[in-house]
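Residue-level listing of the chains:
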Amino acid sequence: MASALLESLIGEAATGVPAARRAAANALLRDGLPGARDEAWKYTSLRALEQRHYVDGDCGAAVRAIDFDALVMPGSAAARVVFVNGIYRADFSTVQALEGLEVGRLGERPADLAIALHARAPAADPDGFARLNSVLAQDGPLLRVAAGARIEAPAHLVFVGSAAADDVAWQLRALIELGAGASLRVIEHHVGASANAHMGNLVARYTLAAGARLDLLQVQDAADTLSLIRRSEFRLEHDALLSMHTIEVGAQLMRHDLVVDLAGNGARFTSRGVFALRGRQHADTHMVVTHNARDTACDIVWRGVADERARGVFHGAITVAEGADGADAQLSNKNLLLSPHAEIDTQPVLEIYADEVKAAHGATVGQLDERALFYLRSRGIPLDLARRILVGAFCGAVLADIAPAELRAHIDALLAARLPQAETLP
Amino acid sequence: MLKIENLHVRVAGKEILKGVSLDVKAGEMHAIMGPNGAGKSTLGNVLAGREGYEVTHGTVEYNGANLLELEPEERAAAGVFLAFQYPVEIPGVNNTYFLRAALNAQRKRRGETELDSMQFLKRVREKLAVLQLKDELLHRAVNEGFSGGEKKRNEIFQMALLEPKLAILDETDSGLDIDALKMVADGVNAMRDPARAFLVITHYQRLLDYIVPDFVHVLADGRIVESGDKNLALKLEEHGYAWIAERRVLGHSRAGAA
């Protein structure tokens, strides 16, 4: 039986859609959303979410007044594609074509939408949320970089949450394609405030052709009433490079599946990420990296902080497939618990089927170093500031190479605002 | 300035200090000597307010206030400084940022104006010169990758910058070569002042060749068993701590006879 969530979003609509979408809808209604029995979802309960009723799409979002300037990340932008509660906003977007960069929205490009939706058979969608997205997504950002083109300024993909008349759910697809030898910087930014409980579901597909380079900064500072489900899929051809920073500080319930396919020889992936949670926030990052070719490398360093009753989950799975000799896989995940009621689960998994592989992984969950805390206090630094300094330094370790400085400062401020305050001390 | 009376301290259920009394006046330099495990570092830590040190008996009065009631940061602002035996490495926290946050937090608590970065750097440069520390240390993380000698000199540099009223030096001499030892001693001597007192905790007499104490106390098995002037340190050097143990046995038997 389908949950309230699925009934409210799909209902009878599934009969009136094209065959491919109907297949996804049928599979979804049959299997439902992931449950406690799914190993990949065992730390994230969807029970509360499944009981909710949502309206598919926010009809008011196209015209709602928003102080967009207050939300934008600092620095120049080559392009900006903006969605408010899942609805495209031309008035905030900048989509003029640049030499070598195609910018647009999938809602206006049926052929590209079809690529984004059907690159994989809907029945093969890995979970209920991906299927839900396959059924309902009609729009989303498109970025395409021509072979050899080097785009200097970053392209911003902005997903804004705002108060709506109903509890709204939105489904978006994103398609980002880099041609051979192309390079691009992307900032994926989730931001906003809303008193409504709402849900967002974004499936982003990134393809990097041979020798392409993508610098991706994901900043998730969404409203704390949002349940945000994201799936970021990457395919890297030979010698392609994906360098990624992920900051997760917002949302009430956050699930992010990061799926990286190192498909070509010499493909490289680096990931630096941090989550800082408080209240009753729940953030689950589920990273799956597969080395499918020779001399591929991944280098993953994540930090997590949970305060109050927050719960953080980090799953980092690296598979080195048979024949992917010469692979180099490094994963480190360190976590800090700031409250006896907070919880962090970390699960590094290494599976190696190739020879001559260099691999290392480590994960820790601990508390603030009492000696360091006393050292700072013995010099006159108050306890709350001492804690903030130490937690800030702990998170800062993964932010060191974010440039330019103004962007780094913006992110530091974002983290500082979410770091524990004096009144949360045990 | 500092009046310790019959102080008993327990660490992890074990009594370490068993009735220490000590009176330190402004302008004085006191040396606390003693064998390993005597409780020297415990005394320094309990005065600085470290957690895990349970005072079961006795009082510590500092400038008329009950020192034991104050949080570590309040003690610091009131002028208490502990130079750590093992300074802590704090990756990711820039030394300059740390020092300025510390100095300004103390000033704020005392109701003084905070220093802006120009004023602060001017002060830092003056103090660095005294300890022959390189500017470059300021740009590194607190104590991270510092050599043993650099860490100890950094402690004294912090002391110079923060200008405490009561400075406690916990085995600042241990692990230093003779040149570093002289630099540390110069840094301390430059700060001697009628308004400032020092408590120098050391295992060896060597440091006291360079920092000449007004009083020397021998701490053994949680008590001060002998006090005297600088000559006591020389006697200890000559006879070793076993000499103290013998005198104590003697003292006990005398007490028994009386």
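The rules behind these values
Residues numbered from 1 in each chain as written. Chains lettered and ligands numbered in written order. Predicted model: local features only at pLDDT ≥ 70, side-chain atom pairs only at ≥ 80, totals over all residues. Helix = DSSP H or I, 4+ residues; strand = E, 2+ residues; numbered from the N terminus. Rg over C-alpha atoms; globule rule 2.2 N^0.38 Å. Buried ≥ 20, exposed ≤ 12 C-beta atoms within 10 Å, placed from the backbone. Contact = placed C-beta atoms within 7 Å. Pairing = 2+ DSSP bridges. Expected span 1.5 Å × (residues − 1). Nonpolar A, V, L, I, M, F, W, Y, C, P; charged D, E, K, R; others polar. pLDDT = per-residue confidence, 0-100. Axes fitted to C-alpha atoms, helices over the stretch in contact; angles between N-to-C directions.

Secondary structure assignment for chain B yields nine helices and twelve strands. For a compact globule of 258 residues, the expected C-alpha radius of gyration is about 18 Å, and chain B comes in at 19 Å, within 12% of that figure. A principal-axis box enclosing the C-alpha atoms of chain B has dimensions of 70 × 40 × 35 Å. Classification of the 258 residues of chain B by burial places 42% in the buried group. Partitioning the contacts of chain B with sequence separation of at least 6, the portion at a separation of at least 24 is 72%.

Residues and elements named next belong to chain B. The buried fraction of helix α1 (residues 40-48) is high, at nine of nine residues. Those residues of α1 not exposed but buried are Lys 40, Ser 41, Thr 42, Leu 43, Gly 44, Asn 45, Val 46, Leu 47 and Ala 48. One or two positions beyond α1, positive phi appears at Gly 49, with a value near 95 degrees.

Moving on to the pairing of strand β8 (residues 183-192) of chain A. Residue and element names in this part refer to chain A. Most of β8 sits inside the fold, with nine of its ten residues counted as buried. In this sheet, β8 lies alongside strand β6 (residues 155-161) in parallel orientation, the contact comprising seven bridges. What sits directly across from Leu 157, in β8, is Glu 188. Relative to strand β10 (residues 213-221), β8 runs parallel, the two sharing nine bridges. The partner of Val 191 across the bridge, within β10, is Asp 221.

Attention now moves to helix α3 (residues 95-109) of chain B. All names here are of chain B. Between its terminal C-alpha atoms α3 stretches 21 Å, which fits the 21 Å expected from 15 residues at 1.5 Å a residue. Among the residues of α3, Asn 95, Phe 98, Leu 99, Arg 100, Ala 101, Ala 102, Leu 103, Ala 105 and Gln 106 are the ones counted as buried. Looking at the residues trailing α3, positive phi occurs at Gly 111, about 80 degrees.

Bringing the interface of chain B and chain A into the picture now. Interfaces are frequently sized by the accessible area removed from exposure as the parts join. In this assembly, 20 residues from chain B lie in contact with 18 residues from chain A. If you list the elements that add at least two residues to the side of chain B that touches chain A, you get α2 (72-77), β7 (90-94), α3 and α6 (148-162) of chain B. A breakdown of the residues in the side of chain B that touches chain A according to their chemical character gives 14 nonpolar, three polar and three charged.

Moving on: the confidence of the model for chain A. The predicted coordinates should not be examined in detail at positions where pLDDT is low. On average, chain A scores 91 in pLDDT, and the residues at 70 or more come to 96%. Note that pLDDT drops below 50 for residues 422-426 of chain A; the model gives that stretch six contacts with residues more than four away or on any other chain.

Take the pairing of strand β11 (residues 215-220) of chain B next. Residue and element names in this part refer to chain B. Counting buried residues along β11, five of its six residues qualify, which places the element largely inside the surrounding structure. Of the strand pairs in this sheet, strand β3 (residues 29-33) and β11 are connected by four bridges, and their pairing is parallel. Along β11, the bridge assignment pairs Met 33 with Val 218. By the bridge criterion, five bridges tie β11 to strand β12 (residues 223-228) in an arrangement that is antiparallel. Bridge pairing links His 217 to Ser 227 in β12.

Pairing between sheet strands relies on hydrogen bonds along the backbone, with the strands arranged either parallel or antiparallel. All names here are of chain B. The mixed open sheet is built from six strands, whose spatial order is β6-β9-β10-β3-β11-β12. At either end of the open sheet lies a strand with only one pairing partner, and these are β6 (80-83) and β12. If you compare each strand with its neighbour and ignore which way they point, the axes differ by 20 degrees on average.

The next thing to look at is the sheet that holds strand β4 (residues 53-62) of chain B. All names here are of chain B. Overall, antiparallel pairing links the four strands, which are arranged β2-β1-β4-β5 in an open sheet. Strands with a single pairing partner mark the edges of an open sheet, and in this sheet they are β2 (14-24) and β5 (65-66). Relative to β5, β4 runs antiparallel, the two being bridged by two bridges. In the strand pairing of β5, Glu 61 is matched with Asn 66. On the sheet, α1 packs against β1 (2-11), β2 and β4 and is oriented at approximately 70 degrees with respect to β4.

Below, the discussion takes up unusual backbone geometry. Following Ala 403 of chain A, the chain continues into Pro 404 of chain A via a peptide bond in cis, with omega recorded as -5 degrees. Assignment of secondary structure puts Pro 404 of chain A in the loop between α7 (383-396) and α8 (405-418). Within the chain, Asp 239 of chain A stands out as a residue other than glycine whose phi angle is a positive 60 degrees. Position of Asp 239 of chain A relative to the elements: it lies in the loop between β11 (226-236) and β12 (241-248). The phi dihedral of Glu 163 of chain B is positive, around 50 degrees, even though this residue is not glycine. By the element assignment, Glu 163 of chain B lies in the loop between α6 and β9 (166-170). We classify Glu 163 of chain B as partly exposed; it has 17 C-beta atoms within 10 Å.

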